[in-house]
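# Reading the structure
Residues per chain, in single letters:
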Protein chains: 2
Amino acid sequence: MSLPDAETVAQHKTAASQWFEALRTRICAEFEAIEDSLATGPHQDMEPGRFSRKAWDRPAVNGDASSGSGGGGVMATMRGRVFEKVGVNVSTVHGQFSDQFRGQIPGTEDDASFWASGVSLVAHMRNPHAPAVHMNTRHIVTGQAWFGGGADLTPMFPENHADDAASFHAALQSACDSADPSYYPRFKDWCDEYFYLPHRDEPRGMGGIFYDKLDTGDWDTDFAFTKSVGEAFLDIYPRIIRSRMDQPWTDADREGQLIKRGRYVEFNLLHDRGTKFGLMTGGNTEAILMSMPPEAKWP
Amino acid sequence: MSLPDAETVAQHKTAASQWFEALRTRICAEFEAIEDSLATGPHQDMEPGRFSRKAWDRPAVNGDASSGSGGGGVMATMRGRVFEKVGVNVSTVHGQFSDQFRGQIPGTEDDASFWASGVSLVAHMRNPHAPAVHMNTRHIVTGQAWFGGGADLTPMFPENHADDAASFHAALQSACDSADPSYYPRFKDWCDEYFYLPHRDEPRGMGGIFYDKLDTGDWDTDFAFTKSVGEAFLDIYPRIIRSRMDQPWTDADREGQLIKRGRYVEFNLLHDRGTKFGLMTGGNTEAILMSMPPEAKWP
C-alpha cells in the first residue's frame, strides 16, 4: 500500500517507536522482578541482576555523513542469577539502502530511503530447564510501511517441554486471533520454517510465530496486532520462567544446555537474516551479537 | 591449464590422496606423542588422548544416486589432555557441481564433474597459552587441476605470541621459498585478508599462508610445494605446542581463551567459505563442524 500523508506517517513513526521503548521498559522491569524472586538453587546467593543500558549512535555509512544515515538505539543487558544473559535492544534508525539490498526491499523502487524502529530480545537462562527465548517486533517505512516480528521458544530439552510450548503457542494464538483468524496458522508455519537448521535437520526450538511485511492497509489494526504480540510475550514468557526457575538440575543438564546453545549459535550466524543483514550493513556489532549465548559447547 | 592424459590424471589423484592420508597419519602420531609427554599442570593426571577414526560416505545428492556423487572420508578426532579437541579430516570425493556453484569453479565450462581430495585440521588446546591452529591442503580436478590450502595460527593472546608467530611464519616461508620466492609474500597477504572478521575489525589470528587454484603447469612442482606446506606444519606446530604446554595459566587466561574462541566460531560460521560451501552442498555436518571449539563464550 502507498503511504498516507507525511504528517500521519510521522505520527505513526512516533507511536511505533514509543511503543517499542515502552514495551522494552516493561519487559526489563518484569525480568528484574523475576531476578528478585529467586529463592532456591545454586545461584540464590548471587545479587539479583539489574539491566544496564548503553546508548549507541548509528555511524555514517563508510564514514560518509552525507549518506543521510542516522538514529541509534539503546542496548539493555542483564547478567543475573536467573537470566544468565539477556539483551533487550531498541533501535530507531534511518538512512538509504545500498543498491545491494534495495532490490529486495518493498517500496524502494523510487527512493532508497528507509526508517526502521523495533525492539529485539534474546534471553539465555541459567537453569537448563528454563527455555531460552527470542522476541522481536518492528515497524519499517520506505515508500511503503509494514510491521514484522515474532517470538519463539527454545527449551533445551524439547521432549520435556510440551506444556511450555503449548502455553507459549496459546498466548501467541490469542494475540493472532484477536486480529485475524488466518494469522496464527500462517505465522506459526512461517516460524517453524524459518527457525530451522537444515544442516542438522532439526528445528532451533519449539516454535512460536514469525511474520513480516504485514500491511493490511489499516495501519491502526496492524499496529494493534503488533502490540498484542508484545503483550502476549510479556504475559507468557515470565510465567514459564517462574514455573521453571526453581527446578533442580544436574551437571548433565547443564552440559545438554551448552550443546543446545551451540545450535543456537549455528542458527544465528549461518541463517538468521537479521544478524547477517545487520553485520553486513555496518550495524552495531555489539548490539547484534548480544543474541549470542554466554557460553556454548561443541564437545 | 588443460589436463594431461587420463592415465596421468589418475596417477596424480592417487598420489595426492595417498599423501593426504599419510600426512594425516603422521600428524596424528605426533599429536599423540605430545599427549604422552605432558608432565605438568591441572590435566597431567588425565589419560593421554588418542585419536579415534570414523569413516563416512558422501551421500548421493538429494538421494539421487545417479548424480554420480561418491567417495567419502575419515574423521579422526581426539579429546586429550593437551589437545582439548582436535579434528583431522581426510576426504576424497567426486561428483557433479550443481549449476549454482559451477559458474564459480574453473574447468567446469564443458563438464560439471569434479574430484577433490584433501586433509583438513583444526586444533583447540587446553592451555590458553598454546595457540589454536588450522591447516588444510587439497587437490581439485575438474577440466583443470589445481592445489590449494594453507595454515594459520591463532594464539589466544596475540600480544604475547610474537615469537610463536615468527617461527610459524618462518617455517611456512621456507616451504614457499623452496618453490617460488614470490609465493610467501602473496600467500601471506592472502591469508591475512581471508582470515579477518570485518564486523569486529580484527584478524582471526596471527596469520600464516593461504593459497588456491595453484596450477603452474608443472604438476610435480605444485604437488611438491603442497607437500612442503604439510611438512612445514608438521615441523613447527608441534614445536610451538611443546614450548607452551607446560606454561601455567589462570582462570582469567581461560576466560580470555573462551572469548577468543567465540571469535573463531564467528569466523567459521559467518565467513569460512569451506564451511558454508560444505554445509550448503550437503557435506558431512559432523566432519565440517569438527572445527568448532569444544567450548566458547560471549559473556
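Rules and cut-offs
Residues numbered from 1 in each chain as written. Chains lettered and ligands numbered in written order. Predicted model: local features only at pLDDT ≥ 70, side-chain atom pairs only at ≥ 80, totals over all residues. Heavy atoms only, no water. Helix = DSSP H or I, 4+ residues; strand = E, 2+ residues; numbered from the N terminus. Rg over C-alpha atoms; globule rule 2.2 N^0.38 Å. Buried < 20%, exposed > 50% of the residue type's maximum accessible area, 1.4 Å probe, protein only. Lys, Arg positive; Asp, Glu negative; His and termini not counted. Charge placed at Lys NZ, Arg CZ, Asp CG, Glu CD. Phe/Tyr/Trp six-rings, centres within 6.5 Å; stacked < 30°, edge-to-face > 60°. Lys NZ or Arg CZ within 6 Å of the ring centre and 35° of its normal. Pairing = 2+ DSSP bridges. Axes fitted to C-alpha atoms, helices over the stretch in contact; angles between N-to-C directions. Contact = heavy atoms within 4.5 Å. Parallel < 35°, antiparallel > 145°, perpendicular 65-115°, else oblique. Nonpolar A, V, L, I, M, F, W, Y, C, P; charged D, E, K, R; others polar. Buried area = accessible area lost by both parts, 1.4 Å probe. Salt bridge = Lys/Arg side-chain N within 4 Å of Asp/Glu carboxyl O. pLDDT = per-residue confidence, 0-100. Least-squares fit on C-alpha atoms with pLDDT ≥ 70 in both.

Moving on, we get to the overall build of chain A. Scanning chain A from terminus to terminus reveals eight helices and 10 strands. Relative to the compact-globule value of 19 Å for 299 residues, chain A shows a C-alpha radius of gyration of 19 Å, a close match. Across its three principal directions, the C-alpha atoms of chain A cover 60 × 45 × 40 Å. When burial is assessed residue by residue, chain A has 54% of its 299 residues classed as buried. In chain A, 29 side chains carry a positive charge and 42 a negative one; their mean positions are 4 Å apart.

Right, let's get into the packing of aromatic side chains. All names here are of chain A. Tallied over the full model, the rule gives 38 aromatic pairs over all chains. Joined through ring pairs, the aromatic side chains of Y183, F187, W190, Y194, F195, F210, Y211, F225 and F267 make up one cluster. We note K227 situated over the ring of W19; from NZ or CZ to the ring centre the distance is 5.8 Å.

Attention now moves to the sheet that holds strand β3 (residues 83-96) of chain A. Residue and element names in this part refer to chain A. Sheet architecture is open: seven strands sit in the order β1-β2-β3-β4-β5-β6-β9, paired in antiparallel fashion. Edge strands, defined here as strands with exactly one partner in the open sheet, are β1 (52-57) and β9 (208-214). For this sheet the average axis-to-axis angle between neighbouring strands, irrespective of direction, equals 10°. When β3 meets strand β4 (residues 113-125), the two strands line up antiparallel, connected through 13 bridges. Bridging from a neighbouring strand, F83 pairs with M125 of β4. Those strands touched by helix α4 (residues 183-194) are β6 (145-154) and β9, and its axis lies near 100° from that of β9.

Turning to the sheet that holds strand β9 (residues 208-214) of chain B, a few remarks are in order. Residue and element names in this part refer to chain B. Spatial ordering of the open sheet is given by β1-β2-β3-β4-β5-β6-β9, a layout of seven strands whose pairing is antiparallel. Across the chains shown, the open sheet's two edge strands, defined by having one partner strand only, are β1 (52-57) and β9. Adjacent strand axes in the sheet meet at a mean angle of 10° when their direction is disregarded. As judged from the nine bridges shared by strand β2 (residues 70-78) and strand β3 (residues 83-96), these two strands associate in the antiparallel manner. By the bridge assignment for β3, V74 is matched with V90. Those strands touched by helix α4 (residues 183-194) are β6 (145-154) and β9, and its axis lies near 100° from that of β9.

Summarising the element assignment, B:S17 is placed in helix α1 (residues 6-37). In this view, B:S17 contacts B:T92, B:W115 and B:S117; residues no more than four positions away in its chain are not counted.

Attention shifts here to the packing of helix α1 (residues 6-37) of chain A against helix α5 (residues 219-244) of chain A. Residues and elements named next belong to chain A. Closest axis-to-axis distance for the α1/α5 pair is 11 Å, and the angle between their directions is 5°. As summarised for this structure, α1 and α5 are arranged roughly parallel, according to the angle between their axes. When its residues are assigned to classes, the contact of α1 with α5 shows 16 nonpolar, four polar and five charged.

Moving on: the interface of chain A and chain B. With 20 residues of chain A at the contact, the number on the chain B side is 20 residues. In this assembly, chain A packs against chain B so that about 1800 Å² is buried in total across both faces, 64% of it on carbon and sulfur atoms. Inspection of the chain A/chain B interface yields zero salt bridges. Take the side of chain A that touches chain B: its biggest share by element is four residues, from helix α6 (residues 251-270) of chain A.

Quick look at the confidence of the model for chain A now. Considering every residue of chain A, the mean pLDDT works out to 93; 97% of them sit at 70 or more. Listed scores for the predicted complex are pTM 0.93 and ipTM 0.92.

Let us now look at the relation of the copies chain A and chain B. For the match of chain A to chain B, the screw axis carries a shift of 0.0 Å, the RMSD comes to 0.0 Å, and the turn is 180°. In symmetry terms, the pair is related by a two-fold rotation axis.

Residue and element names in this part refer to chain A. Evaluation of the coordinates by the stated rule reveals 32 salt bridges over all chains. One salt bridge connects R242 with E30, and the closest N-O pair in it is separated by 3.1 Å. Taken as a pair, R242 in helix α5 and E30 in helix α1 lie far apart in primary sequence, 212 residues in all. When its relative accessible area of 23% is taken as the criterion, E30 is described as partly exposed. One salt bridge in this structure joins R138 and D212, with 3.6 Å as the shortest N-O distance.

All names here are of chain B. Tracing the chain through its elements places T25 in helix α1. On the accessibility criterion, T25 (37% relative accessible area) is partly exposed. Sequence-wise, T25 and V88 are 63 residues apart; in three dimensions their C-alpha atoms are separated by 9.3 Å.

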